[in-house]
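What the coordinates show
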Amino acid sequence: VPTAALAAALAAAPTRLVVFTHASNVTGAVLDAAAIVAVSRAAGAWSVVDASQTAGWLDLRCDADVVVASAHKALQGPPGLGFVALRPGRELLPQKQGGTGSGRTEAVHPVAWPAAFEAGTPNTPAILGLGAALDGVATPATQAAALQRALARVDQLALGLADDPRWRLLPPTSSLRTPILSLVPRDYEPSELGAILADADVHVRSGFHCAPWIHAHLGTVAGGTVRISPGADTTAADIDRVLALLHRL
Ligand SMILES: Cc1ncc(COP(=O)(O)O)c(C=O)c1O
């Protein structure tokens with residue numbers, strides 16, 4: 001997102017909230033969150049960063065008003081859980097109430113943070129699971145090393161498919177990126193290729209990735225893409241196996 005274009009759009013239309021994903025879940029391109037936050041704040045809007053694709057890979061500090069993320073991606077926590085982090089001084093209104101939780105002698109739901117946001121029974125197993133997963137993420141240095149390992153696997157994959165017209169690669173346009181490679185097969189539907197790889201126990205995501213607008217931008221509205229996402233523990237041999245499978249097709 002060119003920040004000048006964002007600034008112009010915000011100047012043209014009074015805006016209260018700018019919500020954006022920190023990284024594309026289709027190409028792995030990372031947005032300049034700090035710049036978007038600064039432009040939004042200058043225009044009087046709150047910024048909300050969806051860091052689901054970057055939590056566990058990148059430093060999330062960008063001065064946003066709100067940062068949200070899921071637990072189950074690079075953080076490797078359980079599904080069904082996410083988190084919301086607010087800039088000091090910012091307040092949110094609860095959208096759900098039910099059970100008075102820690103205010104159990106009260107007839108109405110507590111209004112103070114965090115109990116105000118704890119409607120119903122908390123997903124304690126998932127919360128403990130995320131805690132354990134975060135212990136595994138360890139330090140910013142080990143996180144950065146894990147990202148470099150996974151990016152090396154993406155590069156290995158891209159190199160192995162380069163110059164082969166049967167695969168249209170859709171690498172990110174940003175230099176900062178997450179370890180994702182989306183591609184469009186020439187001879188198969190993305191969903192078909194996804195199923196072929198799954199039969200070989202290679203699990204990728206095919207289709208539209210819940211991101212319809214970017215497919216209009218990429219020219220992939222017909223069937224979306226096949227997205228291959230190496231993790232920190234994916235080995236060079238794993239990628240060689242994927243390349244061998246693709247070359248055999
Ligand atoms: C950027 C982004 N935001 C949100 C989600 C959805 O998260 P959840 O499944 O935890 O609602 C995804 C993927 O699932 C994602 O890639």
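In the block above lies the structure referred to throughout.
First things first, this report covers the structure right here in the doc. (Residues numbered from 1 in each chain as written. Predicted model: local features only at pLDDT ≥ 70, side-chain atom pairs only at ≥ 80, totals over all residues. Heavy atoms only, no water.)

**Topic: the sheet that holds strand β4 (residues 82–86)**
Read from one edge to the other, the open sheet built from four strands follows the order β1-β2-β3-β4, with strand pairing classed as mixed. Edge positions in the open sheet fall to β1 (17–21) and β4, since each of these has one partner strand only. Each neighbouring strand pair of the sheet contributes to a mean axis angle of 15°, computed without reference to strand direction. Inspection of the sheet shows β1 paired to strand β2 (residues 46–50) by five bridges, in the parallel sense. Bridging from a neighbouring strand, Val 19 pairs with Val 48 of β2. In the packing of helix α2 (residues 33–42) onto the sheet, the strands contacted are β1 and β2, and the crossing angle to β1 comes to about 170°. (Pairing = 2+ DSSP bridges. Helix = DSSP H or I, 4+ residues; strand = E, 2+ residues; numbered from the N terminus. Axes fitted to C-alpha atoms, helices over the stretch in contact; angles between N-to-C directions. Contact = heavy atoms within 4.5 Å.)

**Focus: the pattern of salt bridges**
Counted by the stated rule, this structure contains eight salt bridges. Notably, a salt bridge pairs Asp 155 with Arg 177, separated by 2.9 Å at the nearest N-O pair. Of the two residues, Asp 155 is situated in helix α4 (residues 140–161) and Arg 177 in the loop between β5 (167–170) and β6 (181–185); the sequence distance between them amounts to 22 residues. With a shortest N-O distance of 3.4 Å, Asp 164 and Arg 166 are connected by a salt bridge. Like Arg 166, Asp 164 is buried. (Salt bridge = Lys/Arg side-chain N within 4 Å of Asp/Glu carboxyl O. Buried < 20%, exposed > 50% of the residue type's maximum accessible area, 1.4 Å probe, protein only.)

**Quick notes on the nonpolar core**
Residues Val 18, Phe 20, Ile 36, Val 37, Val 49, Cys 62 and Ala 64 are the most contacted members of the largest nonpolar core, which totals 23 residues. Within the residue set of this core, elements represented by two or more residues are α1 (3–12), β1, α2, β3 (66–70) and α3 (124–137). Per element, the largest residue contribution to this core is four residues, and it comes from α2. Grouped together as the second largest cluster of nonpolar side chains are 16 residues, Val 154, Leu 157, Leu 243 and Leu 246 included. (Core = buried A, V, L, I, M, F, W, Y, C linked by side-chain atoms within 4.5 Å.)

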